[in-house]
There are 2 protein chains.
Amino acid sequence: MRNWYKDGQAIDSISVDDRGLQYADGLFETIAVRNGKPRLWKLHSERLQSGSRRLDIQLPATDEILRSLMLAIDASGRKGQDALLKIIVTRGLGDRGYAPPQDPHTTIMIGLFDRKVGAAEHYQRGVAIRFCNARLASQPQTAGIKLLSRLDQVRARAEWSDSEILEGLMLDQQGSVVCGTMSNLFIVTDGLLQTPGISDCGVSGVMRQHLLAIASQNALPFETNTITPDNVRSADEIFLSNSQFGIWPVARCGSTRISDWPVTRRMRELLQGSGVIEGPE
Amino acid sequence: MRNWYKDGQAIDSISVDDRGLQYADGLFETIAVRNGKPRLWKLHSERLQSGSRRLDIQLPATDEILRSLMLAIDASGRKGQDALLKIIVTRGLGDRGYAPPQDPHTTIMIGLFDRKVGAAEHYQRGVAIRFCNARLASQPQTAGIKLLSRLDQVRARAEWSDSEILEGLMLDQQGSVVCGTMSNLFIVTDGLLQTPGISDCGVSGVMRQHLLAIASQNALPFETNTITPDNVRSADEIFLSNSQFGIWPVARCGSTRISDWPVTRRMRELLQGSGVIEGPE
């Protein structure tokens, strides 16, 4: 069950002239709604506002956007409930040609989807992941932003159909590991928590940011580093983060097997302490 | 005046669930229609088919697509006339998530726009261009394909509003010149025709391919090369190509001024000999 809204109205379609379709001229956020409220809204809205500034797409003030989200949540019959919310922002309608319109009217679409509750075993016994051949484009000028164009991730996700594999890791053009198709990556080696830097490509995940802030507040040492596939394979712990599922420990990555995650567990406790509860208690 | 068609029907909108909007999961072609027929159709259809194969998007046979184009040209009231045609191909509707649908139905949209006839002076006295700061993402895995995502080009085109400047050159991540926002680049130095290779990023332009084939057939020496901004600035001749305007000589690029284009003129004669007539005779 999904519902889309634009300008307060339920919609099923958008103009074929929207620059989101014509040029992927826009960005998006995928937000966990819990008890009817967008979780980690501050981080989502900051990324959305900063991405819009970098692309020079005009956005309403954060409070106004939040009001629209709440209205859409209510209109979809999910008041006070859990859901997944996707907000798409584009430069709006345009004539043919790459030049931005003289008088642009930003398109804001809000989609509401049923929450998919993750299986308890993913949190307790860990998940299986793989490496993908599809790499991320190198583009420092837009790295970190959640751009509408997700073709690299689509190509990567198309590489496997084994339902046991829950995520694929993607490399950058230099062969370093950046993230999963829909998640950020953390590894622990000799007690040190590490996550790839997001300066050349990849998305600066909201849950990643939240986890790094938590680690910092709790004096848990971490580094943002260049991480090679071998670093991943030889890590003591691997975990994934995203805004919906929180933290998934990784039990299997190729021939690497992991069955204990002390630092991951500590991060999950801290995450729950911050109010982000996903998976079994 | 523009008209869009899908499945033989005039449309103004598309489903918000189309993966073209959600993920830029598709590609497109922009084709010159002359006397009611798509020009250089063979080259356009080859790029479209090869791009679809590389993205694993199912496409009808070339002849069937051509029939759809001709029907759209007629339906738009442009039978036997000139126009600009844009065909957009996406992986179709999908549920949320990057994984391709199990049973995908490719979306094919055909847009028809009035032809914009280029000013005679662009062909006779040359055009002014600039260098852009926005660079092309490095992505060898999809280089050459005309992907739906054009955000790099949008960012580049947004850098200038001076209507005297008709095109901006874009560099790759290494700082070499690749192409314009909507055209391919050729330079002539010491009589040698050169154009950047399209292996790391950029679009393998149909007019570029046609021109290279013509040069080859007429024993006109050329090379596909790494071209630096300095190579462009010190070139004896610069010209741009695209499927609509054919060839534009460049008269000005920053402080570089050029007022004679013998090799460019020769290429334009050969192009006209091949049936591609653009600009004054």
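(A) Representation of the overall build of chain A. Summing up its helical and strand segments, chain A has eight helices and 16 strands in all. Whereas a compact globule of 281 residues would reach a radius of gyration of roughly 19 Å, chain A reaches 19 Å, a difference of no more than 12%. Expressed as lengths along the three principal axes of its C-alpha atoms, the size of chain A is roughly 55 × 40 × 40 Å. Here chain A holds 281 residues, and the buried ones make up 58% of them. Sequence-distant contacts in chain A: of pairs separated by 6 or more residues, those separated by 24 or more amount to 72%. Just so you have it, chain A exposes about 11700 Å², and 46% of that area is on carbon and sulfur atoms. Once the 32 positive and 32 negative side-chain charges of chain A are each reduced to a mean point, those two points are 2 Å apart.

(B) Layout of helix H2 (residues 41-55) of chain A. Residue and element names in this part refer to chain A. With 15 residues, H2 extends 21 Å from end C-alpha to end C-alpha; this agrees with the ideal 21 Å at 1.5 Å per step. Listing the buried residues of H2 in full gives Trp 41, Leu 43, His 44, Ser 45, Arg 47, Leu 48, Gln 49, Gly 51, Ser 52 and Leu 55. In the segment just after H2, Asp 56 is the residue with positive phi, at about 60°.

(C) Representation of the interface of chain A and chain B. Across the boundary between the two partners, chain A contributes 53 residues, which contact 53 residues of chain B. Carbon and sulfur atoms supply 59% of the area that chain A and chain B bury against each other, a total of about 4300 Å² over both sides. Sorting the residues of chain A by area buried against chain B places Leu21(A), Arg96(A) and Tyr98(A) first, and these three jointly supply 18% of that buried surface. Taken together, chain A and chain B are joined by two salt bridges. Among the ionic pairs, Asp17(A) bridges to Arg2(B), the shortest N-O distance being 2.3 Å. Applying the counting rule to chain A against chain B returns 26 residue pairs in polar contact (both at pLDDT 80 or more). Elements that contribute at least two residues to the side of chain A that touches chain B include exactly strand E1 (2-6), strand E3 (13-15), helix H1 (19-23), strand E4 (26-34), strand E6 (83-90), strand E7 (107-113) and helix H5 (151-157) of chain A. Looking at which element gives the most residues to the side of chain A that touches chain B, the answer is H5(A), with six residues. Sheet topology places E3(A) next to strand E3 (residues 13-15) of chain B; three bridges connect them, and they run antiparallel.

(D) Summary view of the sheet that holds strand E7 (residues 107-113) of chain B. All names here are of chain B. Taking strand neighbours across the sheet as the criterion, the six strands line up as E2-E1-E7-E6-E4-E5 in an open arrangement whose pairing is antiparallel. Among the strands making up the open sheet, the edge pair consists of strand E2 (9-11) and strand E5 (37-38). Note that strand E1 (residues 2-6) and E2 share three bridges and pair antiparallel. Residue pairing for E2: Tyr 5 is matched across the bridge by Ala 10.

(E) Examining the environment of Gly111(A) more closely. Checked against the element boundaries, Gly111(A) lands in strand E7. Every residue in contact with Gly111(A), bar those within four places of it in the chain, is listed here: Asn3(A), Trp4(A), Leu84(A), Leu85(A) and Lys86(A).

(F) Structural view of the sheet that holds E7(A). All names here are of chain A. Judged by pairing direction, the sheet is antiparallel, and its six strands sit side by side in the order E2-E1-E7-E6-E4-E5 without closing on themselves. Every interior strand has two partners, whereas the edge strands, strand E2 (9-11) and strand E5 (37-38), have only one. The pairing of E6 with E7 spans seven bridges and is classified as antiparallel. Its bridge partner being in E7, Thr 90 is matched across the sheet by Thr 107. Together, E4, E5 and E6 form the strand contacts of H2, whose direction differs from that of E4 by roughly 175°.

(G) Highlighting the environment of Thr224(B). Residue and element names in this part refer to chain B. Locating Thr 224 in the fold gives a position in strand E13 (residues 222-225). Here the alpha-carbon distance between Thr 224 and Thr 90, two residues 134 residues apart in the chain, equals 31 Å. Those residues in contact with Thr 224, other than ones at most four positions away along the chain, are Thr 195, Gly 197, Arg 208 and Leu 212.

Conventions and cut-offs
- Residues numbered from 1 in each chain as written.
- Chains lettered and ligands numbered in written order.
- Predicted model: local features only at pLDDT ≥ 70, side-chain atom pairs only at ≥ 80, totals over all residues.
- Heavy atoms only, no water.
- Helix = DSSP H or I, 4+ residues; strand = E, 2+ residues; numbered from the N terminus.
- Rg over C-alpha atoms; globule rule 2.2 N^0.38 Å.
- Buried < 20%, exposed > 50% of the residue type's maximum accessible area, 1.4 Å probe, protein only.
- Contact = heavy atoms within 4.5 Å.
- Areas by Shrake-Rupley, 256 points an atom, 1.4 Å probe, with all protein chains shown as cover.
- Lys, Arg positive; Asp, Glu negative; His and termini not counted.
- Charge placed at Lys NZ, Arg CZ, Asp CG, Glu CD.
- Expected span 1.5 Å × (residues − 1).
- Buried area = accessible area lost by both parts, 1.4 Å probe.
- Salt bridge = Lys/Arg side-chain N within 4 Å of Asp/Glu carboxyl O.
- Polar contact = N/O pair within 3.5 Å; in protein donor to acceptor, adjacent residues only side chain to side chain.
- Pairing = 2+ DSSP bridges.
- Axes fitted to C-alpha atoms, helices over the stretch in contact; angles between N-to-C directions.

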